[in-house]
Amino acid sequence: IPNNLFIGVMINAGELKNNNLDPLINLKKLFPKINKRINFVRFACHITEVTILSKCIRWLKENKIKVFINIMQISEINKNEIKNICLFLKKNQVETLYFADSLGCLTPKTLVEIIKEFKKSWKDQIGLHAHNNLNLALKNSTEAIKWGFEWIDSTITGMGRGPGNLKTED
């Protein structure tokens with residue numbers, strides 16, 4: 001692996017709640033020794049799981065690992081949740097926020113409505129993880145780029161859950 005490669009891992013926040021333990025205890029089991037090659041951790045979270053990560057975010061940042069929050073099922077979020085999540089992320093100094101169209105139901109119009117609401121409270125980096133259920137992953141990703149998204153996920157041949165993700169080839 002080249003030394004200049006930016007390496008990240010994704011962790012399902014829901015799995016950190018297992019065994020009724022503090023999520024930080026479960027996170028430390030995944031990182032028994034901090035690997036200096038890992039540059040970032042991206043937490044995949046349902047809207048209700050974001051706030052359980054305070055200690056995990058702090059611990060990773062203390063170990064010089066960037067934190068990304070990936071909100072799944074972004075199509076289900078409401079204005080009040082958007083404001084609260086942005087306040088939490090700012091307070092915890094999270095660098096990057098990701099939208100995941102986990103249900104694959106976002107249209108470009110709906111995506112723009114969500115983006116506009118987030119832009120009221122979020123000024124840092126933002127990314128999109130698009131599923132292709134409606135064959136709109138490319139259109140949604142293009143729209144996100146127009147709105148200043150720095151991170152856009154894609155997979156070779158669109159390989160992913162259900163009908164897949166944005167195709168890298170596109």
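Quick caveat: nothing in here was measured; it's all calculated off a predicted structure.

The next subject is the pairing of strand β4 (residues 96–101). Across the six residues of β4, six count as buried, placing the element largely inside the fold. A two-sided burial pattern is seen for β4, the buried positions comprising Thr96, Tyr98 and Ala100 on one face and Leu97, Phe99 and Asp101 on the other. In this structure, strand β3 (residues 66–71) lies alongside β4, joined through four bridges in parallel fashion. For Ile71, the partnering residue across the bridge sits in β4 and is Phe99. Read as a crossover between parallel neighbours, the route from β3 over helix α3 (residues 79–91) to β4 is right-handed. With six bridges connecting them, β4 and strand β5 (residues 125–130) associate as parallel partners. Of the residues in β5, the one forming a bridge with Thr96 is Gln125. Assessed by its sense of winding, the connection that carries the chain from β4 through helix α4 (residues 108–119) to β5 is right-handed.

This paragraph deals with the side chain of Ser102. Looking at the secondary structure, you find Ser102 in the loop between β4 and α4. Classification of Ser102 by relative accessible area gives buried; the value is 10%. A distance of 2.9 Å separates the side chain of Ser102 from the backbone nitrogen of Gln73, its partner in a polar contact.

Any pair of aromatic rings gets described here by the distance separating the centres and the angle formed by the planes. Counted under the stated rule, the structure contains nine aromatic pairs. Measuring from centroid to centroid gives 4.4 Å for Phe40 and Phe68, while their planes differ by 10 degrees, and the two rings are stacked. Residue Phe40 is located in strand β2 (residues 38–45), and its partner Phe68 is located in strand β3; the two are separated by 28 residues in the primary sequence. Among the residues examined, Phe40 registers a relative accessible area of 11% and is labelled buried. Judged by relative accessible area, Phe68 falls into the buried class, the value being 1%. A ring pair is formed by Phe68 and Trp151, whose centres lie 5.1 Å apart and whose planes are at 65 degrees; its orientation type is edge-to-face. Remark: Trp151 occurs in strand β6 (residues 151–152) and Phe68 occurs in strand β3; sequence separation between them is 83 residues. Cluster of aromatic residues (ring-pair linked, three or more members): Phe6, Phe40, Phe68, Tyr98 and Trp151. In this structure, Arg42 is placed above the aromatic ring of Tyr98, and the distance from its NZ or CZ to the ring centre is 3.6 Å.

In this section: the sheet that holds β2. Strands pair in a sheet through their backbones, by hydrogen bonds, and they do so in one of two ways: parallel or antiparallel. Spatial ordering of the open sheet is given by β1-β2-β3-β4-β5-β6, a layout of six strands whose pairing is parallel. Looking at the sheet topology across the chains shown, the edges are occupied by β1 (7–12) and β6. Docked against the sheet, α4 engages β3, β4 and β5, running at close to 155 degrees with respect to β4.

Let's shift gears to the side chain of Asn26. Mapping Asn26 onto the fold places it in helix α1 (residues 23–30). What makes Asn26 buried here is its relative accessible area of 9%. The contacts of Asn26, once residues within four sequence positions are left out, are Glu15, Leu16, Lys17, Asn18, Asn19 and Leu21.

Rules of the game
- Residues numbered from 1 in each chain as written.
- Predicted model: local features only at pLDDT ≥ 70, side-chain atom pairs only at ≥ 80, totals over all residues.
- Heavy atoms only, no water.
- Buried < 20%, exposed > 50% of the residue type's maximum accessible area, 1.4 Å probe, protein only.
- Helix = DSSP H or I, 4+ residues; strand = E, 2+ residues; numbered from the N terminus.
- Pairing = 2+ DSSP bridges.
- Right-handed = clockwise from strand over helix to strand, strands pointing away.
- Polar contact = N/O pair within 3.5 Å; in protein donor to acceptor, adjacent residues only side chain to side chain.
- Phe/Tyr/Trp six-rings, centres within 6.5 Å; stacked < 30°, edge-to-face > 60°.
- Lys NZ or Arg CZ within 6 Å of the ring centre and 35° of its normal.
- Contact = heavy atoms within 4.5 Å.
- Axes fitted to C-alpha atoms, helices over the stretch in contact; angles between N-to-C directions.

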